[in-house]
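Here is how the chains run, residue by residue.
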Amino acid sequence: MTSTNPAGPDPAARPKRRTFSPEYKLRVVAGYDAAPKNEKGAVLRRERLYHSHVREWRSARDAGALEKLVDKRTGPARPKKSAAEAENEKLRRQVERLEKELARNKAALEVMGKASALLGMISEGAD
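Because the structure is predicted, anything quoted here is derived from the model rather than measured. Each chain carries its own residue numbering, running from 1 in the written order of its sequence. Confidence filtering applies because this is a predicted model: local features only for residues at pLDDT of at least 70, side-chain atom pairs given and counted only at 80 or more, and all residues used for totals across whole chains, interfaces and linings. Side-chain measures here rest on the full set of heavy atoms in the structure, leaving out hydrogens and waters.

**Examining the overall build of the chain**
Note the threshold: Here a strand is any run of E in DSSP of at least two residues, a helix any run of H or I of at least four, and the numbering for each starts at the N terminus. Exposure is judged per residue with a 1.4 Å probe applied to protein chains only, and the accessible area is read against the type maximum: over 50% gives exposed, under 20% gives buried, and values in between give partly exposed. Per-residue and other accessible areas were derived by the Shrake-Rupley procedure at a 1.4 Å probe size, with only the shown protein chains allowed to occlude residues.
A tally of helices and strands in the chain yields four helices and zero strands. Traced from its N-terminal end to its C-terminal end, the chain shows the element sequence α-α-α-α. Sorting the 127 residues of the chain into buried and exposed places 15% on the buried side. Summing over all exposed atoms, the chain offers an accessible surface of approximately 11200 Å²; the carbon and sulfur share of this is 57%.

As structure tokens, this is what we get:
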């Protein structure tokens, strides 16, 4: 019987994620927009990109934010929130969720109370 675990380390190196410079992104968006309708797919295949890349980069370009064209996954790290800020945000979301649930339950109880009163009136009338 063969083992499912390899005997040694994986011989294939992990692939490295591609990064795109702002200039490259602008060039690709311009080329995509200039291409005739039936050749836009060829631009994406040649550059090995998805339409979502172009859509995201175009919206950033149209917003006039060249610095926003830096890939968020490989860009400079965002400052981490402190533990207290993260806990506060989590608690705020929980409070919002519980308030919605409470409002839903209050509405259901009101409907049930009205239905109970109506049934009480009907049963009294039948007696």
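The rest of the description comes next.
**A closer look at the confidence of the model for the chain**
This is how the line gets drawn: As a per-residue measure, pLDDT reflects the predictor's confidence and takes values from 0 up to 100.
On average, the chain scores 82 in pLDDT, and the residues at 70 or more come to 80%. Within the chain, no element has a lower average pLDDT than helix α3 (residues 51-62), which sits at 87, and none a higher one than helix α4 (residues 83-126), at 92.

**A word on the packing of aromatic side chains**
This is how it is decided: Each Phe, Tyr or Trp ring (for Trp, its six-membered ring) is paired with any other whose centre lies within 6.5 Å, and the angle between the two planes then decides the class: stacked below 30 degrees, edge-to-face above 60, tilted in between.
Here the structure, examined in full by the defined rule, presents three aromatic pairs. Through a chain of ring-to-ring contacts, the aromatic side chains of F20, Y24 and W57 assemble into a single cluster.

**Looking at the packing of helix α1 (residues 22-34) against helix α2 (residues 40-47)**
Heads up, the condition is: Between the N-to-C directions of two axes lies an angle of 0 to 180 degrees, each axis being a line fitted to C-alpha atoms and, for a helix, fitted only over the stretch in contact. Should an angle fall under 35 degrees it is called roughly parallel, over 145 degrees roughly antiparallel, and 65 to 115 degrees roughly perpendicular, with every other angle called oblique. Residue contacts follow a heavy-atom distance rule, with two residues in contact if any of their heavy atoms lie within 4.5 Å. Here the nonpolar group is Ala, Val, Leu, Ile, Met, Phe, Trp, Tyr, Cys and Pro; Asp, Glu, Lys and Arg are the charged ones; every other residue, Gly included, is treated as polar.
Look at α1 against α2: their axes get within 9 Å of each other, and the N-to-C directions meet at 150 degrees. The angle between the axes of α1 and α2 places the two elements in the roughly antiparallel class. Contacts between α1 and α2 involve Y24, V28, G31, Y32 and D33 from the first element and K40, V43, L44 and E47 from the second. When its residues are assigned to classes, the contact of α1 with α2 shows five nonpolar, one polar and three charged.

**Considering the pattern of salt bridges**
Operational definition: Salt bridges are defined as contacts in which a side-chain nitrogen from Lys or Arg sits within 4 Å of a carboxyl oxygen from Asp or Glu.
Within the structure shown, the criterion is met by seven salt bridges. Notably, a salt bridge pairs E89 with R93, separated by 3.1 Å at the nearest N-O pair. Placement of both E89 and R93 in helix α4 is noted, with a separation of four residues, approximately one turn of the helix. Using a relative accessible area of 30% as the deciding quantity, one classes E89 as partly exposed. Note that K114 is salt-bridged to E110, the shortest N-O span being 3.4 Å. Taken as a pair, K114 and E110 lie in helix α4 at a separation of four residues, close to a single helical turn. Connected through shared salt-bridge partners, D33, R58, R61 and D62 make up one network.

**Some points on α1**
Quick note on the threshold: An expected span of 1.5 Å times one less than the residue number is assigned to each helix. Working note: the arc is built from the helix axis to C-beta atom directions.
The terminal C-alpha atoms of α1, which comprises 13 residues, lie 18 Å apart, in line with the 18 Å expected from a rise of 1.5 Å per residue. Of the positions making up α1, those classed as buried are P22, Y24, K25, V28, V29 and Y32. End-on, the buried residues of α1 take up no more than an arc of 160 degrees, which puts them together on one face. Exposed and oriented more than 90 degrees from the buried face of α1 are E23, R27 and A34. Against α2 and α3 lie the buried residues of α1.

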